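# Structural characterization, general
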Amino acid sequence: MQLRILVTAAAFAAALIGALPASAADTLRALAPSAGIRIGTAVNVEALNTDAAYARLLAREFNLVTPENAMKFSVVQPERGRFDFAQADALVEFAEANGMQVNGHVLVWHQQLPDWLTQGNFDSHELKAILREHIQTLVTRYRGRVASWDVGAEAVDENGRLRETFWSRGIGPDYLALAFRWAHEADPQAHLRYNDYGGEGDGAKSDGIYDLMAELRRKGTPIHGVGLQMHASLKDAPRASEVRINMKRLAALGLETHISEMDVMLTLPASRADLRAQAALYRDMLQACLAVPQCRSFSVWGATDRYSWIPDFFPGQGAALLFGEDGRAKPAYNSVRRALRAAKTGKR
Ligand code: XIL
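In this report, we go over the structure that sits alongside the text. Model, not experiment: these values are computed from the prediction. (Residues numbered from 1 in each chain as written. Predicted model: local features only at pLDDT ≥ 70, side-chain atom pairs only at ≥ 80, totals over all residues. Heavy atoms only, no water.)

## Some words on the pairing of strand β4 (residues 148–153)
- Here β4 lies mainly inside the structure; six of its six residues are buried.
- Taken together, the four bridges between strand β3 (residues 101–108) and β4 define a ladder with parallel strand orientation. If you follow G104 over to β4, its bridge partner there is W149.
- As paired elements, β4 and strand β5 (residues 191–196) share five bridges and run parallel to each other. (Buried < 20%, exposed > 50% of the residue type's maximum accessible area, 1.4 Å probe, protein only. Helix = DSSP H or I, 4+ residues; strand = E, 2+ residues; numbered from the N terminus. Pairing = 2+ DSSP bridges.)

Printed below as a string of structure tokens:
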């Protein structure tokens, strides 16, 4: 009789615990090491400086951070030769204070460039000097403190060819290999990545990215990893099996892989069925990463729906992340946590 009361009390306590936020031993970052990966998020540095609950959530759940905007060209070098590291420093200091790794983002990309650069009519010689100075100033400043860099991003178009951009037009197709060399010179220990979207599964773009990676490796370019962004919707997501196969062929080139910016946009207001389907998609993509030894990290593009870029860029869409606007865990959080917990006794 007494035993039965005890058992019932224990079951009740267990049910209660399920509804509570994760205890320190059961957060994503506590579970990630035994699953063999890092668990990351993009960070909005303005929010970090003003919203204490947001900062606490980041520190509790993640052990890898990527600045969402704070290290982009227009933020870091708003005028020629004038570097502004206020936001980037805040991010790196926050990461260090909380035992998190930093992924620097992004060194050569065709977006969020300052007008002085895009309107400057520079010739290829000048552009090379500007890009080299930009890359080396950033990478040198954070040498030994930023473990990895997204050196190049979104250089491949939808057909798998080298995208025509400000950089490819201005410097020529070699701009990417040059950027990797300059970054490597500035910090030979840093893990250097290429980062792109829409090339996660199979298709022309994935093949184009693979070919570009193969060519860079063949030429001896110091490149060590590929970030598959994984901005998805319920209607438009790669199959986990394709992602696994794609990661494996990249691994065969000697490259680590990362899911670098996952979010899953939903039509607003999000239905319960969509939130459940979103949870399943997060789980499937995390499991694809867990199944490939060379997949080293899984990052989301923002921690809470409050600071997600999706509603601004895709009107009517949102609710894309693991935590709601109020900071409460969504079904997707629970499915990611379960998958990490299940991986504990797995491959690594
Ligand atoms: C987005 C940010 O989230 C927005 O705040 C900003 O206005 C535009 O850029 N792929 C990337 C990221 O690599 O840098 C982009 O971030 C989202 C798509």
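## Structural notes on the packing of aromatic side chains
- In the structure shown here, the tally under the stated rule is ten aromatic pairs.
- Aromatic pair W116 and F122: ring centres 6.3 Å apart, planes at 80 degrees, arrangement edge-to-face. Both residues of the pair, W116 and F122, count as buried.
- On the numbers, 5.0 Å between centres and 50 degrees between planes, the contact of W309 with F313 is tilted.
- W309 gets classed as partly exposed once you look at its relative accessible area, which sits at 22%. (Phe/Tyr/Trp six-rings, centres within 6.5 Å; stacked < 30°, edge-to-face > 60°.)

## Digging into the environment of L192
- Secondary-structure assignment places L192 in strand β5.
- Residues L192 and R218, 26 residues apart in the sequence, show an inter-C-alpha distance of 16 Å.
- Not counting residues within four places of it along the chain, the set of residues in contact with L192 comprises W149, V151, F180, A183, H184, P222, I223, H224 and G225. (Contact = heavy atoms within 4.5 Å.)

## Thoughts on helix α4 (residues 52–61)
- Among the residues making up α4, those that are buried are Y54, A55, L57, L58, A59 and E61.
- The inward-facing, buried residues of α4 contact α2 (28–35), β1 (38–43), α3 (45–50), α6 (86–97) and α15 (331–342).
- Sitting at the amino-terminal end of α4 is D51, which places a side-chain oxygen 3.2 Å from the backbone nitrogen of A53. (Polar contact = N/O pair within 3.5 Å; in protein donor to acceptor, adjacent residues only side chain to side chain.)

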